[in-house]
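# Coordinate inspection notes
The primary structure of each chain is shown beneath.
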Amino acid sequence: MTDMTGTSTMRRFSGKSVLVTGGGAGIGRAVALEFAKEGANLIVADVDEAAGGECVDLIRQAGAQGEFIRADVASPDDVSALFATIARSGTPLDIAINNAGIEGHVALVEDQPDANFDRVFAVNVQGTFQCMREEVKLMKPRGAGVIINFASIAAHVGFAGLSVYTASKAAVLAMTKSVALELAQSGVRVASVSPGLVQTAMLERFFAADANAKQQMTASLPLGRPCDSYEVARGVLFLASDDASLVLGQTLNLDGGWAYVKS
Ligand code: NAI
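As a starting point, this report considers the structure included with it. (Residues numbered from 1 in each chain as written. Predicted model: local features only at pLDDT ≥ 70, side-chain atom pairs only at ≥ 80, totals over all residues. Heavy atoms only, no water.)

## So, the overall build of the protein
On a plain count of helices and strands, the protein comes out with nine helices and seven strands. Its C-alpha radius of gyration of 18 Å places the protein within 12% of the 18 Å reference for a compact globule of 263 residues. Based on the C-alpha atoms only, the size of the protein along its principal axes is roughly 50 × 45 × 35 Å. When the 263 residues of the protein are sorted by exposure, 51% land in the buried category. (Helix = DSSP H or I, 4+ residues; strand = E, 2+ residues; numbered from the N terminus. Rg over C-alpha atoms; globule rule 2.2 N^0.38 Å. Buried < 20%, exposed > 50% of the residue type's maximum accessible area, 1.4 Å probe, protein only.)

Pasting the structure below:
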């Protein structure tokens, strides 16, 4: 539903409590703000305090409730503290968006340092796993909840220079399927999204070394442009809504058809 200005007037998430990891900037911020517009109360977790604070200001300006909790999802201590704070608040966690992720070092496989493998897997795989484990502990006893993990189209297709990142996102796809099956009859639904090229700081970093590559890749996209964070966010909200009750373990490609060009 939209009003005369084309703005969504749906409020599918009124009063729902939503956690967005990596919610300070980029796609995570867009997801948090779209949930806020639809009446949700947001918990924004991010390693970047300034970005997280800015996002919470925007959430409040949109008339919703927002709280920032600093957490590096790769730190088991931070993750424990984050979920202890959520549990102590007494407010049930309805929806969790495990969006925090890094692209890591872009390089050919022979130039990939061990430290890059460790960090990318610590954030993208272990971080997603640890958050999901804590989310399940909160949601399963209540028999309700939705968990959405961030994979990537890069997990479905080869991507030169991103062997470590693509492997980490394939792991996210795989664990999402397994945990979704574990929880299928519990009332907790788990799924993932696979964005294509999305215009964020991550994409700018990726193309920083090669402006030509950006131009060439953009020209190859079916839409002729990268995806916008807010378009991705609206796909995430659909997946978190009751309309997606049969989408379980699957990934929703939010890529403007790019996977079909790449595969
Ligand atoms: P971004 O780099 O623009 O923003 C990421 C946000 O996550 C930042 O606020 C950052 O501070 C936070 N963050 C990073 N590491 C963190 C950690 N260890 N703990 C907590 N917060 C952390 O990235 P973008 O583009 O918004 O990406 C979001 C997700 O979407 C990531 O999982 C990424 O892999 C995925 N994705 C992005 C695509 C793109 O083209 N931008 C394409 C496909 C997937």
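Back to the write-up after that little detour.
## Thoughts on the packing of aromatic side chains
Using the criterion set out here, one finds five aromatic pairs in the structure. Taken together, a centroid distance of 5.5 Å and an interplanar angle of 75° make the contact between Phe159 and Phe206 edge-to-face. One end of the pair, Phe159, is in the loop between β5 (145–150) and α5 (163–182); the other, Phe206, is in helix α6 (residues 201–207), with 47 residues separating them in the sequence. For the pair shown, Phe159 and Phe206 are each scored as buried. Aromatic side chains Phe206 and Phe207 sit 5.1 Å apart centroid to centroid with 65° between the ring planes, which places their arrangement in the edge-to-face category. Here Phe206 matches Phe207 in class, with each residue buried. Cluster of aromatic residues (ring-pair linked, three or more members): Phe159, Phe206, Phe207 and Trp258. (Phe/Tyr/Trp six-rings, centres within 6.5 Å; stacked < 30°, edge-to-face > 60°.)

## Quick look at the state of the cysteines
For the structure on display, the rule yields zero disulfides. Among the cysteines around Cys131, which has no disulfide bond, Cys55 carries the closest sulfur, lying 16 Å off. (Disulfide = S-S within 2.5 Å.)

## Some words on the pairing of strand β1 (residues 17–21)
Counted residue by residue, β1 has five buried out of five residues, so it is predominantly covered. Both faces of β1 are covered, namely the face carrying Ser17, Leu19 and Thr21 and the face carrying Val18 and Val20. Relative to strand β2 (residues 41–46), β1 runs parallel, the two sharing five bridges. If you follow Val20 over to β2, its bridge partner there is Val44. Between the parallel elements β1 and β2, the chain passes through helix α1 (residues 26–37) in a crossover that is right-handed. In terms of strand pairing, β1 meets strand β4 (residues 95–98) through four bridges, oriented parallel. Note that in β4 the partner of Val18 across the bridge is Ile95. (Pairing = 2+ DSSP bridges. Right-handed = clockwise from strand over helix to strand, strands pointing away.)

## Points about the packing of α1 against helix α8 (residues 229–240)
The geometry of a pair of packed helices is captured by two quantities: the angle between their axes and the separation between those axes. For the pair α1 and α8, interaxial distance at closest approach is 8 Å and the crossing angle is 55°. Taken together, α1 and α8 sit at an angle that is classed as oblique. For the pair α1 and α8, the crossing hand works out as right-handed. Across from Gly26, Ile27, Ala30, Val31, Leu33, Glu34 and Phe35 in α1, the residues of α8 making contact are Ser229, Tyr230, Val232, Ala233, Arg234, Val236, Leu237 and Ala240. Tallied by class, residues from the contact of α1 with α8 come to eleven nonpolar, two polar and two charged. (Axes fitted to C-alpha atoms, helices over the stretch in contact; angles between N-to-C directions. Parallel < 35°, antiparallel > 145°, perpendicular 65-115°, else oblique. Left-handed = near helix turned anticlockwise from the far one by under 90°. Contact = heavy atoms within 4.5 Å. Nonpolar A, V, L, I, M, F, W, Y, C, P; charged D, E, K, R; others polar.)

## Observations regarding the pattern of salt bridges
Counted by the stated rule, this structure contains twelve salt bridges. For Arg70, the salt bridge identified is with Asp78, shortest N-O distance 3.1 Å. Residue class for Arg70 comes out partly exposed when judged on its relative accessible area of 38%. The shortest N-O distance in the salt bridge between Arg225 and Glu231 comes to 2.9 Å. Under the relative-accessibility criterion, Glu231 is labelled partly exposed at 33%. A cluster of three or more residues bridged by salt bridges with shared partners is formed by Glu34, Lys37 and Arg234. (Salt bridge = Lys/Arg side-chain N within 4 Å of Asp/Glu carboxyl O.)

## Here's the deal with the site of the ligand
Taken together, 30 residues form the shell around the ligand, and within it Asp46, Asn99, Tyr165, Val198 and Thr200 come nearest. Separating an oxygen atom of the ligand from a backbone N or O atom of Asn99 is a distance of 2.7 Å. In this structure, Arg205 approaches the ligand through a side-chain N or O atom, which is 2.9 Å from an oxygen atom. Contact with the protein chains hides 93% of the accessible area of the ligand, taken as 840 Å² for the molecule alone. Top contributing element to the shell around the ligand by residue count: α6, with three residues. Grouping the amino acids of the shell around the ligand by side-chain chemistry returns 16 nonpolar, eight polar and six charged. (Near = heavy atom within 4 Å. Polar contact = N/O pair within 3.5 Å; in protein donor to acceptor, adjacent residues only side chain to side chain. Areas by Shrake-Rupley, 256 points an atom, 1.4 Å probe, with all protein chains shown as cover.)

## Considerations on α5
Between its first and last C-alpha atoms α5 spans 29 Å; for 20 residues at 1.5 Å apiece the expected length is 28 Å, and the two agree. Turning to α5, its buried residues are Val164, Tyr165, Thr166, Ser168, Lys169, Val172, Leu173, Met175, Thr176, Val179 and Ala180. (Expected span 1.5 Å × (residues − 1).)

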